[in-house]
Number of protein chains: 2
Amino acid sequence: MRAGLLYSAGKDSTLAALLLEDFYDVTLVTASFGVVDPDPAREAADALGFAHETVDLDPDVAGTAVERMHDDGYPRNGIQRVHEHAVERLASARGEFDAVADGTRRDDRVPTIDRPFARSVEDRFGVDYLAPLAGIGRGAIDEMVAEKLVVETGPSEAIAKADYEVELRALLAEAHGAGAVGDVFPDHTQSRVRGRR
Amino acid sequence: MRAGLLYSAGKDSTLAALLLEDFYDVTLVTASFGVVDPDPAREAADALGFAHETVDLDPDVAGTAVERMHDDGYPRNGIQRVHEHAVERLASARGEFDAVADGTRRDDRVPTIDRPFARSVEDRFGVDYLAPLAGIGRGAIDEMVAEKLVVETGPSEAIAKADYEVELRALLAEAHGAGAVGDVFPDHTQSRVRGRR
């Protein structure tokens, strides 16, 4: 069985891949608006021994999300919309994957995929949706990651990742100036996986 | 890290164990009111290569649950209460396990452990709570099970399992007659794991 997993090179999506790898042939898939290059995610996938692909997201979704985040003054609703769009794009690559997956966690407020949305994706696209971290809390995730992965952490600006959040920050800066990024995204520590322990 | 996983010999709790075994030293724990013997679960654990233990549940909780199910005419609320009690009993074996786990699934109405209860268990007992199937739907679970496990399925009466549902049926029959079991529990297919594929 083949699973495509939305991948950012962060610790959550990497741990999700490790949980699934005994059951699925996992491909790590970086969803992108084409704004930053997906090399950091590809490098992490190579170091971990997973195949890597990219999937294109719709620039209109980015535009709407950026304006929403700017108006809100916080990123939650914009990020949520983009994540749902990314899951749908991955799921619509019908035939390639039996299942689509992501690293959403129990304790995250956003992004989150609730049961009705998960079932809707499964019904509309004929795939299974898997969120292997949805029943695992932050503490256990940190312990599992510490046991299995080499991770680099730091402020968002300093950690080269390749996910749509990085792109949304870039698009927000472009549309509303660099100051808007600091206003919308509070201090935020990112993680980037370097390889297996 | 040591995890204790509530275990019935069914396919869900077995799959949960397989998902965790690369990360935790997993002990399968059968929660029991002392009404049926836990041999079927122990046999399954042996066949799978996991350690097996039992944990005693409070008979008063069984009594209350049986009356509740009889009054309701359906098992949901009684089962839910007993499952929460079993999670708490396992979690209270403090020191033995770093994490407690179960096989609750995304698509189950019952038992279910919601985020507030999960966090409450973690705070009160100083353990992590893990539900590795909480973000996985029924279809994917069936496929993962088919890939990894040998399973026997059949009506509840015909499958020898060792879980609190079997005990609640026995206690319900004792208190209200055999007919009460059929009234409260609709036709129900059970699974019992025989070993790894």
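The structure under discussion appears in the preceding block.
Everything numeric here is computed off the predicted structure, so don't read it as measured data. (Residues numbered from 1 in each chain as written. Chains lettered and ligands numbered in written order. Predicted model: local features only at pLDDT ≥ 70, side-chain atom pairs only at ≥ 80, totals over all residues. Heavy atoms only, no water.)

(A) Representation of the sheet that holds strand β2 (residues 25–32) of chain B in the model. Residues and elements named next belong to chain B. Spatial ordering of the open sheet is given by β3-β2-β1-β4-β5, a layout of five strands whose pairing is parallel. Each edge of the open sheet carries a strand with a single partner, namely β3 (51–56) and β5 (128–130). With direction set aside, neighbouring strand axes in the sheet form an average angle of 30 degrees. Pairing of strand β1 (residues 2–6) with β2 involves five bridges; the strand directions are parallel. From the neighbouring strand, Arg2 faces β2, where its bridge partner is Asp25. Against the sheet, helix α1 (residues 11–20) engages β1, β2, β4 (99–101) and β5, with an angle of about 165 degrees to β1. (Pairing = 2+ DSSP bridges. Helix = DSSP H or I, 4+ residues; strand = E, 2+ residues; numbered from the N terminus. Axes fitted to C-alpha atoms, helices over the stretch in contact; angles between N-to-C directions. Contact = heavy atoms within 4.5 Å.)

(B) Structural view of the relation of the copies chain B and chain A. Its rotation angle being 180 degrees, the transformation that places chain B on chain A also includes 0.0 Å of axial translation and leaves an RMSD of 0.0 Å. In short, the pair behaves as if placed about a two-fold rotation axis. Take the interface residues of chain B: 100% of them recur as interface residues in chain A, which is what a same-surface contact looks like. (Least-squares fit on C-alpha atoms with pLDDT ≥ 70 in both.)

(C) Spotlight on the packing of helix α3 (residues 59–72) of chain A against helix α4 (residues 76–91) of chain A. Residues and elements named next belong to chain A. Closest axis-to-axis distance for the α3/α4 pair is 8 Å, and the angle between their directions is 160 degrees. Classified by the angle between their axes, α3 and α4 sit roughly antiparallel to one another. Read as a crossing pair, α3 and α4 show a hand that is right-handed. Between α3 and α4, the contacting residues are Val61, Ala65, Arg68, Met69 and Asp72 on the first element and Asn77, Gly78, Ile79, Val82 and His85 on the second. Taken together, the residues that form the contact of α3 with α4 break down as five nonpolar, three polar and two charged. (Parallel < 35°, antiparallel > 145°, perpendicular 65-115°, else oblique. Left-handed = near helix turned anticlockwise from the far one by under 90°. Nonpolar A, V, L, I, M, F, W, Y, C, P; charged D, E, K, R; others polar.)

(D) Expanded view of the packing of aromatic side chains. A complete count under the given rule lists zero aromatic pairs over all chains for this structure. In this structure, Arg169 of chain A is placed above the aromatic ring of Phe185 of chain A, and the distance from its NZ or CZ to the ring centre is 4.4 Å. (Phe/Tyr/Trp six-rings, centres within 6.5 Å; stacked < 30°, edge-to-face > 60°. Lys NZ or Arg CZ within 6 Å of the ring centre and 35° of its normal.)

(E) Spotlight on the interface of chain B and chain A. Each partner contributes to the interface: chain B provides 30 residues, whereas chain A provides 30 residues. Note on chain B versus chain A: buried area summed over both sides is about 2600 Å², and carbon and sulfur give 53% of it. The interface formed by chain B and chain A holds four salt bridges in total. Close ionic contact of Glu122 of chain A with Arg106 of chain B constitutes a salt bridge, the shortest N to O distance being 2.8 Å. Viewed at the interface, chain A and chain B are joined by 12 residue pairs in polar contact (both at pLDDT 80 or more). Broken down by secondary-structure element, the contributors of at least two residues to the side of chain B that touches chain A are α1, α5 (115–125), β5 and α6 (138–148) of chain B. With six residues, the top contributor of residues to the side of chain B that touches chain A is α6 of chain B. (Buried area = accessible area lost by both parts, 1.4 Å probe. Salt bridge = Lys/Arg side-chain N within 4 Å of Asp/Glu carboxyl O. Polar contact = N/O pair within 3.5 Å; in protein donor to acceptor, adjacent residues only side chain to side chain.)

(F) A look at the sheet that holds strand β4 (residues 99–101) of chain A. Residues and elements named next belong to chain A. A sheet is described by the order of its strands in space; here five strands give the open sequence β3-β2-β1-β4-β5, paired in parallel fashion. Of all the strands in the sheet, just β3 (51–56) and β5 (128–130) have a single pairing partner and so form its edges. Across the sheet, the mean angle from the axis of one strand to that of its neighbour is 30 degrees, orientation sign disregarded. Summarising the sheet, β4 and β5 pair through three bridges and their orientation is parallel. Counterpart to Ala99 in the pairing with β5 is Asp128. Across the sheet, helix α1 (residues 11–20) touches β1 (2–6), β2 (25–32), β4 and β5, and the angle it forms with β1 is around 165 degrees.

(G) Quick look at the nonpolar core. Of all hydrophobic cores here, the largest spans 62 residues; its most connected members are Leu5, Tyr7 and Tyr24 of chain A together with Leu5, Tyr7 and Tyr24 of chain B. Every residue in contact with Tyr7 of chain B, bar those within four places of it in the chain, is listed here: Ser13, Thr14, Leu28, Val29, Thr30, Ala41, Ala44, Ala45, Leu48, Ala162 and Val193 of chain B. (Core = buried A, V, L, I, M, F, W, Y, C linked by side-chain atoms within 4.5 Å. Buried < 20%, exposed > 50% of the residue type's maximum accessible area, 1.4 Å probe, protein only.)

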